[in-house]
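One-letter residues, chain by chain:
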Amino acid sequence: AALPGLVLGESRGEALARTRECARLLREVDLPRPGARRSLVERAKVPDDYSRLARVVGLYAITRTVFSAGVRRWETEARAAFARDPGLPEGRLRLVYAPGAPPVNRPERISADELGVPAPPADELLRLFAAHAPSFEIETAGDFDRFGALGWPRGGAVPVVDASAPVAYVHAAHALYRGRALLQLVYTIWFPERPPREPGDIYAGLLDGLTWRVTLAPDGEPLVYDAIHPCGCFHMFFPTARATALPAPDPAEEWAFVPQSLARVAPGERPRVSLASGTHYVERVTLVRGADSVARYDFRAYDELRSLARPEGGRASLFGPDGLVAGTERAERFLFWPAGIASAGAMRQWGRHATAFAGRRHFDDATLFEERFVFDLEGAPPR
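Everything in this summary refers to the structure shown in the same document.

Here is what the cut-offs are and how they apply
- Residues numbered from 1 in each chain as written.
- Predicted model: local features only at pLDDT ≥ 70, side-chain atom pairs only at ≥ 80, totals over all residues.
- Heavy atoms only, no water.
- Salt bridge = Lys/Arg side-chain N within 4 Å of Asp/Glu carboxyl O.
- Buried < 20%, exposed > 50% of the residue type's maximum accessible area, 1.4 Å probe, protein only.
- Pairing = 2+ DSSP bridges.
- Helix = DSSP H or I, 4+ residues; strand = E, 2+ residues; numbered from the N terminus.
- Axes fitted to C-alpha atoms, helices over the stretch in contact; angles between N-to-C directions.
- Contact = heavy atoms within 4.5 Å.
- Patch = residues over 30% accessible without salt bridge, like charges linked within 9 Å, V, L, I, M, F, W, Y side chains within 5 Å.
- Areas by Shrake-Rupley, 256 points an atom, 1.4 Å probe, with all protein chains shown as cover.
- Phe/Tyr/Trp six-rings, centres within 6.5 Å; stacked < 30°, edge-to-face > 60°.
- Lys NZ or Arg CZ within 6 Å of the ring centre and 35° of its normal.

## Some words on the pattern of salt bridges
The full count for this structure, using the stated rule, is 21 salt bridges. Of the charged contacts in the structure, one is a salt bridge between Arg-33 and Asp-30, with a shortest N-O distance of 3.7 Å. Here Glu-371 makes a salt bridge to Arg-372, at a shortest N to O gap of 3.2 Å. Relative accessible area serves as the criterion here: at 2%, Arg-372 is assigned to the buried category. Ionic contacts of the salt-bridge type, sharing partners, join the residues Arg-106, Asp-219, Glu-221, Arg-242 and Arg-264 into one network.

## Some words on the sheet that holds strand β12 (residues 282-289)
The sheet built from 10 strands is open, its strands ordered β9-β8-β7-β6-β5-β13-β1-β2-β11-β12 with mixed pairing. Whereas interior strands pair on both sides, the edge strands pair on one side only; in this sheet they are β9 (236-239) and β12. Neighbour to neighbour, the strand axes of the sheet diverge by 30 degrees on average, direction disregarded. With 4 bridges connecting them, strand β5 (residues 167-177) and strand β13 (residues 295-301) associate as parallel partners. Residue Tyr-169 lies in a different strand from β13, and its bridge partner there is Arg-300.

## Looking at the environment of Pro-196
As for its placement among the helices and strands, Pro-196 is situated in the loop between β6 (180-194) and β7 (205-216). C-alpha of Pro-196 to C-alpha of Thr-279: the two residues are 83 residues apart in sequence and 8.9 Å apart in space. Pro-196 has contacts with Asp-201 and Ala-204, leaving out every residue within four places of it along the chain.

## Some words on the environment of Gly-351
By the secondary structure assignment, Gly-351 is in the loop between α6 (333-336) and α7 (368-372). Judged by its relative accessible area of 24%, Gly-351 falls in the partly exposed class. Separated by 319 residues in sequence, Gly-351 and Pro-32 have C-alpha atoms that sit 31 Å apart.

## A short note on a nonpolar patch on the surface
Among the surface-exposed residues, Leu-53, Val-56, Val-57 and Trp-337 lie close enough to one another that they form a single nonpolar patch of about 420 Å² accessible area. Residue placement: Leu-53 occurs in helix α3 (residues 52-57). A relative accessible area of 61% means that Leu-53 is categorised as exposed.

## As for the packing of aromatic side chains
Within the structure shown, the criterion is met by 27 aromatic pairs. When the ring of Phe-147 is compared with that of Tyr-297, the centres are 6.1 Å apart and the planes differ by 70 degrees; the resulting orientation is edge-to-face. Here Phe-147 is found in the loop between β2 (135-140) and β3 (149-151), whereas its partner Tyr-297 is found in strand β13, with 150 residues between them in sequence. On the basis of relative accessible area, Tyr-297 is assigned to the buried category, the value being 0%. Relative to Tyr-225, the ring of Trp-212 has its centre 5.3 Å away and its plane inclined at 25 degrees; by these criteria the two rings are stacked. Separated by 13 residues along the polypeptide, Trp-212 in strand β7 and Tyr-225 in strand β8 (residues 222-228) bring together distant segments of the chain. Each residue in the set Tyr-97, Phe-129, Phe-136, Phe-147, Tyr-187, Phe-191, Tyr-297 and Phe-299 is aromatic and connected to the rest through ring pairs, giving one cluster. If you follow Arg-55 out to its NZ or CZ, it ends over the ring of Tyr-60, 3.8 Å from the centre.

So yeah, pure geometry; function would need other evidence.
Here's what the structure looks like:
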């Protein structure tokens, strides 16, 4: 009833039917004209999340060397973490959360539309999310290591995490590989904060999390996993035996950090992702079968984050018009602005994740994997 131009009394179904009819008419008017089609293709450019002006003013040609050295130090530390004995220090607890959805067999073929784009119906997509959902093994030293559902506090400006309701916010995405569209399943979990490791920790702040993604072959078998934090930082790739990494064109660029490779993922297997306390860094990925925990998490649609109910009434998006989550700013932004990334370290919306300080890289770039891996799309079934 609040939409302009609608006659009062019209039902939602009538409004939807009218919208579809308008879309059909516009399509028939606009698309048959060759000039209009050409113009549409030329204008279909998505601006990236790097500011060229900030890079020029910040002397990026020089500071890039500093960023690259910092990235290499982090990669060295990450490799050391993956190589460590998985045992825990005295007094530490490790909790494992498995998906609450009942385990299902993955389909032998993913449904596609007339253009060959994977477009499984809602029930099939839910089965895919259940079949490929990871377990999260989290070193737990405090409430900051317990993930859950996001909600607005009464009168609050920053959402809080309800750890009594562990959830992963899920949505589907696509990659393009040699002219073929591949389905991706994305799982995002949220922690209340990243606590300071020492006084003046520039990476500490409200809200933290992990975004875990699997890229599937047309037969439904995983090709590669990758992960970032919701700020876009700490991008890691975990290729299976059906993916071969390509070398970086520039050694100084953040290209594809692979701290661990995996075997082919057999039917019934799924990844268990081990996270460190506080930093929530990924430190290990293993393949498991069956129920590997008593703690369970549920799925929620990622789109819910665009309209969260307020206790005092009304609704509001987690994300601002710039795609950032207000109140999650990090002090690191004062050091990393010459990389051209707005408010580096702040949590941000899907589609706004620049993931490299040395170079340019976007998490949702359709050609991200085509440039960095060779995929075996028609692999023989695993034994």
